[in-house]
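Geometric and topological summary
Listed below, chain by chain, are the residues.
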Amino acid sequence: MSATATVEINRAEINRSNARNSTGPRSDAGKQRSSQNALSHGLTARTAVLPSEDPAAYELHCRQFHNEYQPASPTETQLVQELADTSWRLNRVAALETNLLTLGIATKVSPITNAPSEVQDAMAIVAALESQSKALSNLSMHSQRLSRQFERTVAQLRDLQKTRQKKEKHDLESLVNVIEMHESKGKLYDP
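Throughout what follows, the structure given in this document is the object of discussion.

The rules behind each value
Residues numbered from 1 in each chain as written. Predicted model: local features only at pLDDT ≥ 70, side-chain atom pairs only at ≥ 80, totals over all residues. Heavy atoms only, no water. Helix = DSSP H or I, 4+ residues; strand = E, 2+ residues; numbered from the N terminus. Buried < 20%, exposed > 50% of the residue type's maximum accessible area, 1.4 Å probe, protein only. Contact = heavy atoms within 4.5 Å. Areas by Shrake-Rupley, 256 points an atom, 1.4 Å probe, with all protein chains shown as cover. Phe/Tyr/Trp six-rings, centres within 6.5 Å; stacked < 30°, edge-to-face > 60°. Expected span 1.5 Å × (residues − 1). Polar contact = N/O pair within 3.5 Å; in protein donor to acceptor, adjacent residues only side chain to side chain. Core = buried A, V, L, I, M, F, W, Y, C linked by side-chain atoms within 4.5 Å. Salt bridge = Lys/Arg side-chain N within 4 Å of Asp/Glu carboxyl O. Patch = residues over 30% accessible without salt bridge, like charges linked within 9 Å, V, L, I, M, F, W, Y side chains within 5 Å.

Describing the overall build of the chain
In terms of regular secondary structure, the chain is built from six helices and zero strands. Burial statistics for the chain: of 191 residues in total, 23% are counted as buried. The contacts in the chain between residues at least 6 apart in sequence include a share of 65% that link residues at least 24 apart. Of the accessible surface of the chain, which amounts to about 13,900 Å², a share of 54% is contributed by carbon and sulfur atoms.

This is the structure we're talking about:
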C-alpha cells in the first residue's frame, strides 16, 4: 500500500469520526438560522424570488421578458422564463455587492478626526473591500456564471425563434404558391 493510499484512508476515517461528533445546531434559533444557509444570497436557490423580495415586482419583470420575446412554443416559453429568472438573480448580485460594501463601511471604519473627509471616505471603502473580499469574490463568481448562462440562453432562444420564423415563412410562401396556382387555373382555393 502506498503512502498516498494510507493518507487517503486515514483522512476518510478522520472525516467519518468528525461527522459522528458534529450534531449541528441544537437551539431553535440555531436551527432556524441553519435552515436559511442556502438563502445567504439566493443566487443558486430553486426559486428565483426570495421571501424578502416583492413577488409583484418579479411578476412584472417576467411579463416584460415574455412581452419582449413573445414565445410561441413551450420550449421558447421555458427559455424566456429562464432568462427572466437569471436576469432577476443578476440584478440581485448588484444589490448584494452594495449591501456588503455598505455593511463593511458601517462596521469596520473608525474615523480619523484630523483627516479630510475624502481621505476618510477612501479609507472606509478600502476597509470595506478588505473586510468583505471573500464574499465579494463569491458574488463575482456567481455573477460570471449567471452572465454566461444568460448569454447562452439568449443565443439558444434566438436560434430557436429564427428556425421557427424560417419555417413559418416557408409555409406561408408555399401557401401563396398554391393559391396562385389555383387562381391561374381560374379556381378558388378552398383549404
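Remarks on unusual backbone geometry
Of note in this structure, Gln-70 is not a glycine but carries a positive phi near 40°. Tracing the sequence through the fold places Gln-70 in the loop between α3 (55–69) and α4 (74–108). You can call Gln-70 exposed: its relative accessible area is 58%.

Thoughts on the packing of aromatic side chains
Tallying each qualifying case throughout the model produces three aromatic pairs. On the basis of an interplanar angle of 80° and a centroid distance of 5.3 Å, the ring pair of Tyr-58 and Trp-88 is categorised as edge-to-face. With a gap of 30 residues between them, Tyr-58 in helix α3 and Trp-88 in helix α4 connect regions that are remote in the sequence. Trp-88 gets classed as buried once you look at its relative accessible area, which sits at 12%. Aromatic pair Phe-65 and Tyr-69: ring centres 6.5 Å apart, planes at 20°, arrangement stacked. One end of the pair, Phe-65, and the other, Tyr-69, are both in helix α3, four residues apart, so they sit about a helical turn from each other. Like Tyr-69, Phe-65 is buried. Three or more aromatic residues joined by ring pairs form one cluster here, namely Phe-65, Tyr-69 and Phe-150.

As for α3
Over its 15 residues, α3 runs 21 Å from end to end, which matches the ideal 21 Å to within 8%, given 1.5 Å per residue. Of the residues flanking the start of α3, the one acting as N-cap is Asp-54, its side-chain oxygen 3.1 Å from the backbone nitrogen of Ala-56. Once α3 finishes, Gln-70 follows within two positions and takes phi at roughly 40°, a positive value.

Quick look at the nonpolar core
With 13 residues, the main nonpolar core has Tyr-58, Phe-65, Tyr-69, Val-80, Leu-83, Trp-88 and Leu-157 as its most contacted residues. For this core, the elements supplying multiple residues, two or more each, are α3, α4 and α6 (133–184). It is α4 that contributes the most residues to this core, five residues altogether. Excluding residues that lie within four positions of it along the chain, Leu-157 makes contacts with Tyr-69, Glu-76, Leu-79, Val-80 and Leu-83.

Some remarks on the side chain of Ser-87
Counting through the fold element by element, Ser-87 comes out in helix α4. Aside from chain neighbours lying at most four places away, what touches Ser-87 is His-61, Phe-65 and Phe-150.

Quick look at the pattern of salt bridges
Tallying each qualifying case throughout the model produces four salt bridges. Notably, a salt bridge pairs Glu-53 with Arg-92, separated by 2.8 Å at the nearest N-O pair. In this pair, Glu-53 is assigned in the loop between α2 (28–35) and α3 and Arg-92 in helix α4, connecting sequence segments 39 residues apart. With respect to class, Glu-53 is no different from Arg-92; both count as buried. Residue Glu-168 is joined to Arg-164 by a salt bridge in which the shortest nitrogen-to-oxygen separation is 3.2 Å.

A word on α6
The end-to-end C-alpha separation of α6 is 75 Å, in line with the 76 Å expected for 52 residues at 1.5 Å each. Among the residues of α6, those classed as buried are Leu-136, Leu-139, His-142, Ser-143, Leu-146, Gln-149, Thr-153, Val-154, Leu-157 and Gln-161. Gly-186, located one to two residues past α6, shows a positive phi value of around 75°.

A short note on a nonpolar patch on the surface
A grouping of Leu-172, Leu-175, Val-176 and Tyr-189 is seen on the molecular surface, where their side chains present a nonpolar patch of about 330 Å² in accessible area. Along the polypeptide, Val-176 turns up in helix α6. By relative accessible area, Val-176 is classed as partly exposed at 37%.

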